[in-house]
Amino acid sequence: MTVKLNMILSDAGLNLADVRLLRHKDKRAARGRTPYGLWRDNRPGFDLYQSVQSTTNRQRLRAGHWASFVATPSDETMFVGLYCVKSRRLSEWDIPKPQMDGVDKAGSVDVYDLQLETNMSDLIGKLIVDWGAGARAWIQHADRQNKNVIELRAEFREPEFPGFLHFIAPLSKLANLPKSWIGALSSAKGVYLLTCPLTKEQYVGSATGEEGFWQRWDEYVQTGHGGNVGLKSRNPSDYQVSILEVAGTASATEDIMNMEKRWKLKLQSREMGLNRN
């Protein structure tokens, strides 16, 4: 039998008509400050993010309880808590935005007084549901949307690192990678590949710094080009990054540069890509 979310909510003693389902996924979020990233690394920041809502959502959010979910880096829908809505008021002062730079001006947003319930707390970070065809509607009525439960995990866990040669991700996703993945990418040096999703062009580069691939890719996130002549000559792109070869722990910088040259020859990234040397 398929387990349904409403079965869990009902067993918790909730009136389904008085429960709103919220799935937080903010495309405006700055690097490392998505709702998932805030929940994982900055719980007060997440609580502030959730409590400040547009006045245009006032009617849709009118309910006694919110069952809150966040979109994970792999786009799963993960339960992060059941909240009791104690009150709502119009903001009386400017409120910093935890997910991005800037503030919400006084009088421009609603501020909700939310209390995290102990009820269902044992499911936080463990319950994964199928948000379904209504993925664009981040606020939904529980009594109208009986979600399928995909998985109930024994504990909160992030996906295991897939291995260096299996790792593929766009630059925009790097900041929200699991910390264990960032640690692995920081520990290794070698040769990587950037591919542009718009023009399909390739760029072969090498990571030789103390923090390996992670340090080098972070430079692209910060600058858009990482100092590369070919990348400077065009508009910034959300390059996909992958690893072509991992250097041994005894490899010197010169060894890694020679590896890079070989890959440029193999992929002809000077002739048909973005490499200029």
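Residues numbered from 1 in each chain as written. Predicted model: local features only at pLDDT ≥ 70, side-chain atom pairs only at ≥ 80, totals over all residues. Heavy atoms only, no water.

Asker: Help me understand the pairing of strand β7 (residues 109-116) in this model?
Answerer: Side chains on a regular strand alternate between the two faces of the sheet. Here strand β2 (residues 52-54) pairs with β7 via three bridges, running antiparallel. Bridge pairing in β7 places glutamine 53 opposite aspartate 110. Pairing geometry for strand β4 (residues 77-90) and β7, over seven bridges, is antiparallel. Note on β7: the bridge partner recorded for arginine 89 is valine 111. (Pairing = 2+ DSSP bridges. Helix = DSSP H or I, 4+ residues; strand = E, 2+ residues; numbered from the N terminus.)

Asker: Before we go on, may I ask you to explain the sheet that holds strand β13 (residues 202-207) in this structure?
Answerer: Adjacent strands of a sheet form backbone hydrogen bonds with each other and so pair up, either parallel or antiparallel. Read from one edge of the open sheet, four strands run β11-β14-β12-β13, paired in antiparallel fashion. Of all strands in the sheet, those with a lone pairing partner are β11 (168-170) and β13, marking the two edges. For this sheet the average axis-to-axis angle between neighbouring strands, irrespective of direction, equals 30°. Sheet analysis places strand β12 (residues 190-195) next to strand β14 (residues 240-246), joined by six bridges and oriented antiparallel. (Axes fitted to C-alpha atoms, helices over the stretch in contact; angles between N-to-C directions.)

Asker: Looking at this structure, I do not really get the nonpolar core. What am I missing?
Answerer: Grouped burial of nonpolar side chains is what soluble globular proteins tend to show. Of all hydrophobic cores here, the largest spans 37 residues; its most connected members are Leu9, Leu21, Phe79 and Met120. With residues near it in sequence (within four places) discarded, leucine 21 still touches Leu5, Leu9, Ala67, Phe69, Trp131, Trp138, Ile139, Gln140, Ala142, Gln145 and Lys147. If you look at the next biggest cluster of nonpolar residues, it comprises 23 residues, including Trp181, Leu185, Trp217 and Val241. (Core = buried A, V, L, I, M, F, W, Y, C linked by side-chain atoms within 4.5 Å. Buried < 20%, exposed > 50% of the residue type's maximum accessible area, 1.4 Å probe, protein only. Contact = heavy atoms within 4.5 Å.)

Asker: Hey, could you run me through the pairing of β12 in this one?
Answerer: A large share of β12 lies buried, amounting to six of its six residues. Pairing between β12 and β13: six bridges, direction antiparallel. Paired with valine 191 across the strands is serine 206, a residue of β13. Between β12 and β13, which pair antiparallel and follow one another directly, the connecting turn spans six residues, one of which, lysine 200, has a positive phi of 70°.

Asker: Which parts of the structure should I look at to understand the environment of tyrosine 220?
Answerer: Take tyrosine 220: it is sitting in helix α5 (residues 212-223). The exposure class assigned to tyrosine 220 is buried, which follows from its relative accessible area of 2%. Separated by 35 residues in sequence, tyrosine 220 and aspartate 255 have C-alpha atoms that sit 23 Å apart. Sequence-distant contacts of tyrosine 220, defined by excluding residues within four places in its chain, comprise Leu171, Tyr192, Leu194, Tyr203, His225, Gly226, Asn228 and Leu231. A distance of 2.5 Å separates polar atoms of two side chains, one belonging to tyrosine 220 and the other to tyrosine 192. (Polar contact = N/O pair within 3.5 Å; in protein donor to acceptor, adjacent residues only side chain to side chain.)

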